[in-house]
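# Remarks on the overall topology
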Amino acid sequence: MIIVRSRDGSELRVDGYRVRFFERIDLPPIDRRLKAIREAGWNTFQLKADDVFLDMLTDSGVNAMSINQLAAMMSAQDAYAGSRTFYEFAETVEEILSFKYVIPVHQGRAAEHLLAKVFVREGSIVPMNYHFTTTKTHIDLAGGIVVEIPVKEALDIKSRYPFKGDIDVSKLEEILKKERGKVAFVRIEAVANLLGGQPVSMKNIREVRELCDRYGVPLVLDGSMVDWNVYFIKEREPGYRSKKLVDILREFVSYSDIFYMSARKAPSVRGGFIATNNREFYEKIVIHVPVYEGFPTYGGMSIKEIAAMAIGLREMVDENLIGSELELIKYVVEELDKRGIPVVLPPGGLGVHIEASQFLPHVPRNAYPAGSLAAALYLASGVRSMERGAMSMDRDRDGREIYPDLELIRIAFPRRTYLKSHADYLIDRVLWLYEHRDIVEGLRWIYEPPVLRFFLGRLEDIGNWGEKLVEVYKKELGDL
Ligand SMILES: *Cc1c(COP(=O)(O)O)cnc(C)c1O
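Residues numbered from 1 in each chain as written. Predicted model: local features only at pLDDT ≥ 70, side-chain atom pairs only at ≥ 80, totals over all residues. Heavy atoms only, no water.

Attention now moves to the nonpolar core. The nonpolar side chains of a soluble globular protein tend to be buried with one another. Counting 130 residues, the largest nonpolar core has Phe89, Val186, Phe273 and Leu433 as the members making the most contacts within it. Excluding residues that lie within four positions of it along the chain, phenylalanine 89 makes contacts with Val102, Phe273, Ile306, Met309, Ala310 and Leu313. Ranked by size, the runner-up nonpolar core spans 26 residues in total, among them Leu115, Phe185, Val220 and Tyr260. (Core = buried A, V, L, I, M, F, W, Y, C linked by side-chain atoms within 4.5 Å. Buried < 20%, exposed > 50% of the residue type's maximum accessible area, 1.4 Å probe, protein only. Contact = heavy atoms within 4.5 Å.)

Here you go:
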């Protein structure tokens, strides 16, 4: 954002880019939406993108790319081994993030797979601010145990604590003391995806670093959405307002031993990487790359994407570019909060998060309030959001449901993609749905996969509520 003083003395935030390519989108009529969500087994992951109006499922791989990224893709040097483009990318990692060693991988979960393989053993413990779906699955599969220790404010959606992604450092110290020798690494995710895109403060990562040093445990940083975290530090943390984003980023990542990211997020491409200054860690990880990813100078990515990723890393801390979707998210969250919708506060990164078990208090948790709300929002608007509640957790080893602390839907704002009119449309439809929330009931499984069930699972609407909702919609709002 370009921040200037307004004539009334307040701050004016202006987007530092203009749009030079665009994609036409269509709002499918409500009858088609009903047919589509039925065919999708009431799971928004299973919808065809052509049946969606605003695709707010995720920011992953769908952020707008810059003309410089597109240009770099054309001049990338394709080579199986030793591509110049890879070395240019490695230099950019060193310049922007100050890491000497870098390992490209095909996406974020591939980084998690390799880290779990190298560091996690049967019975290992991995304390973290909060899990991400793919992270937890890889640690589970390697026999490890995820222990979540966010600050207590993180689980209270109404709390406006500015850094809800922080780790509870006294709990961390207890674990490090008690479980000496069993902790594989400590993991920080910034921003914390499943807590509602909430940031981690510089103060917190510094304190975690000190504890890791004291107990001799590596600190792993998942920086998939670190661009937003850095912006929030600049906005919210004392002492950082006048610092440059790139300097805040460098300080933030300097506290980690191993940094990884899904480059589908902040750098707006399709790929990922692991970076470190520790030669021993690098050597332990890189030997697995030819087995699971590809030769270590492309790591399962297209060279074109590696070229664009290098540009994306620079743009990730470009003062003109960062923040425009955060301002839209803030606008929607504040408007919905004013009207009593249970949104996660304060406005975070990634998207607008609604607590579904408060939005649909009559739907029991084993009938998946968040899954139901995501399906209902699609019906009422053509907006595709993502379930981030019980469906996104898999059952435990005995087949029992695990209910996460928050039962959320996430309405993502991919970087530099949607406009203010889209935000206003979204607000209108969420409010309409809230007025008719009694109609929405739960979902039940028709097909439930054993791992990461939310991706491929199929369900049905209990009591045929979808049709009832559509009937009322047509009466009040028409066919579109
Ligand atoms: C998306 C994401 C991942 C996984 O990355 P993929 O590229 O989707 O495999 C890991 N951690 C966080 C925080 C993410 O947001």
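As a further point, take the domain arrangement of the protein chain. Accessible area lost on assembly of the parts is the figure often given for the size of an interface. When cut into domains, the protein chain gives domain 1 (11–62 + 321–477) and domain 2 (67–315). Here the C-alpha centroids of domain 1 and domain 2 sit 27 Å apart. The interface is formed by 42 residues belonging to domain 1 together with 42 residues belonging to domain 2. Here domain 1 packs against domain 2, burying approximately 3,500 Å² in sum over the two surfaces, 55% of which is carbon and sulfur. The largest contributions to the domain 1 side of the interface with domain 2 come from Ile322, Pro346 and Arg415, which together make up 18% of the buried area. One can count 5 salt bridges joining domain 1 with domain 2. Across the pair arginine 241 and glutamate 11 runs a salt bridge, and its minimum N-O distance is 3.0 Å. On inspection of domain 1 and its partner domain 2, the count reaches 18 residue pairs in polar contact (both at pLDDT 80 or more). (Domains from an automatic or database assignment. Buried area = accessible area lost by both parts, 1.4 Å probe. Salt bridge = Lys/Arg side-chain N within 4 Å of Asp/Glu carboxyl O. Polar contact = N/O pair within 3.5 Å; in protein donor to acceptor, adjacent residues only side chain to side chain.)

The next point concerns the sheet that holds strand S11 (residues 351–355). Read across the sheet, 3 strands follow the order S11-S14-S13 without closing on themselves; strand pairing throughout is antiparallel. Taken across any chain shown, the strands that pair with only one partner, and hence form the sheet edges, are S11 and strand S13 (386–388). The average angle at which neighbouring strand axes cross in this sheet is 30°, direction not considered. As judged from the 3 bridges shared by S13 and strand S14 (residues 408–412), these two strands associate in the antiparallel manner. Note on S14: the bridge partner recorded for arginine 388 is leucine 408. Lying on the sheet, helix H15 (residues 369–381) is in contact with S11, S13 and S14; it crosses S14 at an angle near 35°. (Pairing = 2+ DSSP bridges. Helix = DSSP H or I, 4+ residues; strand = E, 2+ residues; numbered from the N terminus. Axes fitted to C-alpha atoms, helices over the stretch in contact; angles between N-to-C directions.)

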